[in-house]
Amino acid sequence: MSETAPAKRLYIKTYGCQMNVYDSERMADVLAPLGYGVTDDPADADLVVLNTCHIREKATEKVYSELGQLKRLKQARPDGMTIAVAGCVAQAEGEEIMRRQPAVDLVVGPQAYHQLPELIARAHRARGERLAADFAPDEKFDALTAERRPSGVSAFLTVQEGCDKFCTFCVVPYTRGGEWSRPADAIEAEARALAEKGVREITLLGQNVNAYAKDQGGEGGLAALIRRLAKIDGLDRIRYTTSHPRDMDDALIAAHAEVPELMPYLHLPVQAGSDKVLKAMNRAHTAESYVRLIERIRAARPDIAISGDFIVGFPGERDADFEATLQLVREVRYASAFSFKYSRRPGTPAAAMMGQVKPEAADERLQRLQALLDEQQQAFNAAQAGRTLPVLFEKAGRHPGQLVGKSPYLQAVHVTAPDRMLGRIVPVRIESAARNSLAGVLELEPA
Ligand code: SAH
Ligand code: SF4
Ligand code: F3S
């Protein structure tokens, strides 16, 4: 097969969650037939795409400072540079982006990026019609016929988009729209194509991935999808993220006990440990019901690594509420976690709530929570020392002769190993553990 050399250069910068990472890849796929090849230097690019995140104020503000820098690059380019803003800030603040930064040529929301080729052509003709922010994930996926070009042995695959949960702090239901699931046939076809290109591990993505198919009456759900994908030759590892405790059903828990391809790792955010705060967040679960749920999951899969998200300083959070969060963390024992200071998002119900917490108090709580979570992460990693784990080698390490792979528990593992082991799953004896990674040796001498 011959491919013509890319005539135009595309630079994509991705912020936010894994779904944005997936979307960025698909944008590159959609633009490849137009002759765009990816570059990692924005100064050199004909088209720059910022794929943005709206989740916290800081993430949003970064976009505007980045656009200021891009404007200067654009001015230095008499041959022209097109600047596109995609993602959740595009969806939420499209008009404002174009007003605040005239160097922006077009704005495209997360459900409209399949229209990029047309939008680019239009932006080049005139400065009208530069905003695409429709909510039609079905149309997007139907139009995304471009071949995927996976860059490694592990790939993301979006199976569900949007959110109907309306946690009172969160912008996602507004930026991504309502819950919608892709048909299982389309997902299987994409997974098979990935496996044929050497992908060994897929991570199924959704804002509420374990609500998969519940918008269509629940037929089978995520567990059935996982069992179906596990049959694909060459796909040895399946993961999924992010889940809501409310949708963690028995069938999915059973899959963790019964499907060997389903990896023993679960990201199940709880956000807080105080029932009063959980209620104000509209989480629709209690601290107790969450802890019981974790117990049931561990009964099915005792070694499972649990990960979570936390928010400190939610409006009305008192010291006693924060202590309840620490108590829940001690009970659950997390393998890893993300914790954030509450960020007040315009338009969300929590932004108007009484009892906004002082930044200094929130800072202090965040530090205490992170110290505890770090300690737990270290302990989880240290517990692997002396064990032999199957490691999927993904890429070269920083040192010559070294490869980096992933344990079943999503830990990075550094091993001295030959390049031909890339893409293979190999037993590794773990010798030492650090905060963010493990180091080990090949259990068997390479043949
Ligand atoms: N759909 C996923 C991910 C949502 S965003 C879920 O429900 O878990 C990822 C995390 O960002 C959330 O879990 C939450 O911990 C955090 N987050 C969301 N909105 C926030 C806000 N306004 N301030 C601080 N953190 C926030
Ligand atoms: Fe946001 Fe809650 Fe939906 Fe997660 S479940 S995306 S935190 S509204
Ligand atoms: Fe951010 Fe949108 Fe993901 S707000 S976290 S990029 S869904």
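Residues numbered from 1 in each chain as written. Chains lettered and ligands numbered in written order. Predicted model: local features only at pLDDT ≥ 70, side-chain atom pairs only at ≥ 80, totals over all residues. Heavy atoms only, no water.

A word on the site of ligand 3
Just so we agree on the cut-off: Whether a residue is near a molecule or strand is decided by its heavy atoms; if any one of them lies within 4 Å of it, the residue is near. Side-chain classes are defined by residue name, with Ala, Val, Leu, Ile, Met, Phe, Trp, Tyr, Cys and Pro counting as nonpolar, Asp, Glu, Lys and Arg as charged, and the others, Gly among them, as polar.
Close to ligand 3 lie Cys 17, Asn 20, Thr 52, Cys 53, His 54, Ile 55, Cys 88, Arg 176 and Gln 207, which account for all nearby residues. Considering only residue class, the shell around ligand 3 consists of four nonpolar, four polar and one charged.

Notes on helix H9 (residues 250-258)
In an α-helix there are 3.6 residues to a turn, and that puts residues three or four apart on one side. Rules: A simple rule labels every residue: compare its accessible area, found with a 1.4 Å probe on the protein chains alone, to the largest value its type can have, and call it buried under 20%, exposed over 50%, or partly exposed in between. Starting at the N terminus, helices and strands are each numbered in turn, a helix being any DSSP run of H or I of at least four residues and a strand any DSSP run of E of at least two. For this quantity, the arc is that covered by the directions from the helix axis to the C-beta atoms. Whether two residues touch is decided by their heavy atoms; if any such pair falls within 4.5 Å, the residues are in contact.
Those residues of H9 that sit buried are Leu 252, Ile 253, Ala 255 and His 256. The arc enclosing the buried residues of H9, seen along the axis, measures out at 150°, which places them on a common side. Structural note: H9 exposes Asp 250 and Glu 258 on the side pointing more than 90 degrees away from its buried face. Where the residues of H9 are buried, they touch helix H8 (221-230), strand E11 (237-241), strand E12 (265-267) and helix H11 (287-300).

Topic: the pattern of salt bridges
How we decide: One speaks of a salt bridge when a side-chain nitrogen belonging to Lys or Arg is within 4 Å of a carboxyl oxygen belonging to Asp or Glu.
Taken as a whole, this structure holds 42 salt bridges when the rule is applied. The closest approach of N and O atoms between Arg 182 and Glu 190, which form a salt bridge, is 2.8 Å. Accessibility classification places Arg 182 together with Glu 190 in one group, the buried group. Among the salt bridges present, the one from Asp 250 reaches Arg 296, with a minimum N-O distance of 2.6 Å. Linking Asp 250 in helix H9 with Arg 296 in helix H11, this pair joins segments that are 46 residues apart in sequence. When its relative accessible area of 54% is taken as the criterion, Asp 250 is described as exposed. When salt bridges with common partners are traced through the structure, they connect Glu 25, Arg 26, Asp 29, Arg 148, Arg 182 and Glu 190 into a single cluster.

Observations concerning the side chain of Asn 208
Note on placement: Asn 208 falls in the loop between strand E10 (201-205) and H8. Leaving out residues up to four positions away in the same chain, Asn 208 has contacts with Gln 160, Gly 162, Cys 163, Lys 165, Glu 179, Thr 242 and His 244.

Side note on the sheet that holds strand E1 (residues 8-14)
Using the following cut-off: By the convention used here, strands pair only if DSSP detects at least 2 bridges between them. Here an angle of 0 to 180 degrees is reported between the N-to-C directions of two axes, which are lines fitted to C-alpha atoms, with helices fitted over the stretch in contact.
Judged by pairing direction, the sheet is parallel, and its six strands sit side by side in the order E2-E1-E3-E4-E5-E6 without closing on themselves. Edge positions in the sheet fall to strand E2 (36-38) and strand E6 (131-132), since each has one partner strand and no second. In this structure, strand E5 (residues 106-108) lies alongside E6, joined through two bridges in parallel fashion. Directly across from Val 108, in E6, lies its bridge partner Ala 132. Across the face of the sheet, helix H3 (residues 87-100) comes into contact with strand E3 (47-52), strand E4 (82-86), E5 and E6 while running at roughly 145° to E5. Contacts from helix H4 (residues 116-125) reach E2, E3, E4, E5 and E6 within the one sheet, and its direction differs from that of E5 by about 160°.

Re the nonpolar core
Let me state the cut-off plainly: As used in this record, nonpolar core signifies buried Ala, Val, Leu, Ile, Met, Phe, Trp, Tyr and Cys residues forming a set joined through side-chain atoms within 4.5 Å.
Grouped together as the largest cluster of nonpolar side chains are 65 residues, with contacts concentrated most on Ile 202, Leu 204, Tyr 240 and Tyr 334. If near-sequence neighbours (up to four positions away) are discounted, Tyr 240 is found in contact with Thr 203, Leu 204, Val 209, Leu 222, Ile 226, Met 248, Leu 252, His 256, Leu 262 and Leu 266. Core analysis: the next-biggest nonpolar cluster, separate from the first, contains 26 residues, Tyr 36, Leu 47, Val 108 and Ala 123 among them.

Points about the side chain of Thr 82
Worth spelling out the cut-off: Pairs of N or O atoms within 3.5 Å make up the polar contacts considered here, provided that, within protein, one atom can donate a hydrogen while the other can accept it, and that residues adjacent in sequence are counted only when both atoms are side-chain atoms.
Topologically, Thr 82 is positioned in strand E4. Judged by its relative accessible area of 6%, Thr 82 falls in the buried class. Polar side-chain contacts of Thr 82 include one of 2.8 Å to the side chain of His 124.

A word on unusual backbone geometry
At the junction of Thr 241 and Thr 242, the peptide bond is cis and its omega measures out at 0° in the coordinates. If you trace the backbone, Thr 242 turns up in the loop between E11 and H9. Even without glycine at this site, Arg 333 takes up a positive phi of about 60°. Position of Arg 333 relative to the elements: it lies in the loop between helix H12 (319-332) and strand E14 (336-341). Residue Arg 333 is classed as exposed on the basis of its relative accessible area, which comes to 53%.

Quick notes on the domain arrangement of the chain
As a reminder, the rule being used: What counts as a domain boundary in this text is fixed by an automatic or database domain assignment. As a working definition, buried area equals the accessible area (1.4 Å probe) given up by two parts on being put together, with both sides summed.
Taken domain by domain, the chain consists of domain 1 (8-136), domain 2 (146-263), domain 3 (270-383) and domain 4 (388-442). Distance between the C-alpha centres of domain 1 and domain 2: 26 Å. At the junction of the two partners, domain 1 supplies 19 residues and domain 2 supplies 22 residues. Taken over both partners, the interface formed by domain 1 and domain 2 buries close to 1,800 Å², and the fraction arising from carbon and sulfur atoms is 57%. Remark: the boundary between domain 1 and domain 2 carries three salt bridges. Of the charged contacts, one joins Asp 23 and Arg 176 as a salt bridge, the two residues approaching to 3.0 Å between their closest N and O atoms. At the boundary of domain 1 with domain 2, the tally comes to six residue pairs in polar contact (both at pLDDT 80 or more). Secondary-structure elements contributing two or more residues to the side of domain 1 that touches domain 2 are helix H1 (18-31) and H3. Per-element tally for the side of domain 1 that touches domain 2: the top contributor is H1, with 10 residues. For the side of domain 1 that touches domain 2, a count of residues per class yields 10 nonpolar, five polar and four charged.

What about the packing of aromatic side chains?
Inclusion rule: Each pair of aromatic rings taken from Phe, Tyr and Trp, with Trp reduced to its six-membered ring, is defined by centres within 6.5 Å and is described as stacked if the planes are under 30 degrees apart, edge-to-face if over 60, and tilted in the remaining cases. Any Lys NZ or Arg CZ found within 6 Å of a ring centre and within 35 degrees of that ring's normal is scored as a charge over the ring.
Counted by the stated rule, this structure contains six aromatic pairs. Where Phe 310 meets Tyr 334, the ring centres are 5.2 Å apart and the plane angle is 85°; that geometry is what we call edge-to-face. Placement of the pair is Phe 310 in strand E13 (residues 305-312) and Tyr 334 in the loop between H12 and E14, with a sequence separation of 24 residues. Per residue, the accessibility class of Phe 310 equals that of Tyr 334, and both read buried. These aromatic residues form a ring-pair network of at least three members: Phe 169, Phe 314 and Tyr 342. The aromatic ring of Phe 340 is capped on one face by Arg 56, whose charged end is 3.6 Å from the ring centroid. Its end group placed over the ring of Tyr 64, Arg 100 keeps NZ or CZ at 3.5 Å from the ring centre.

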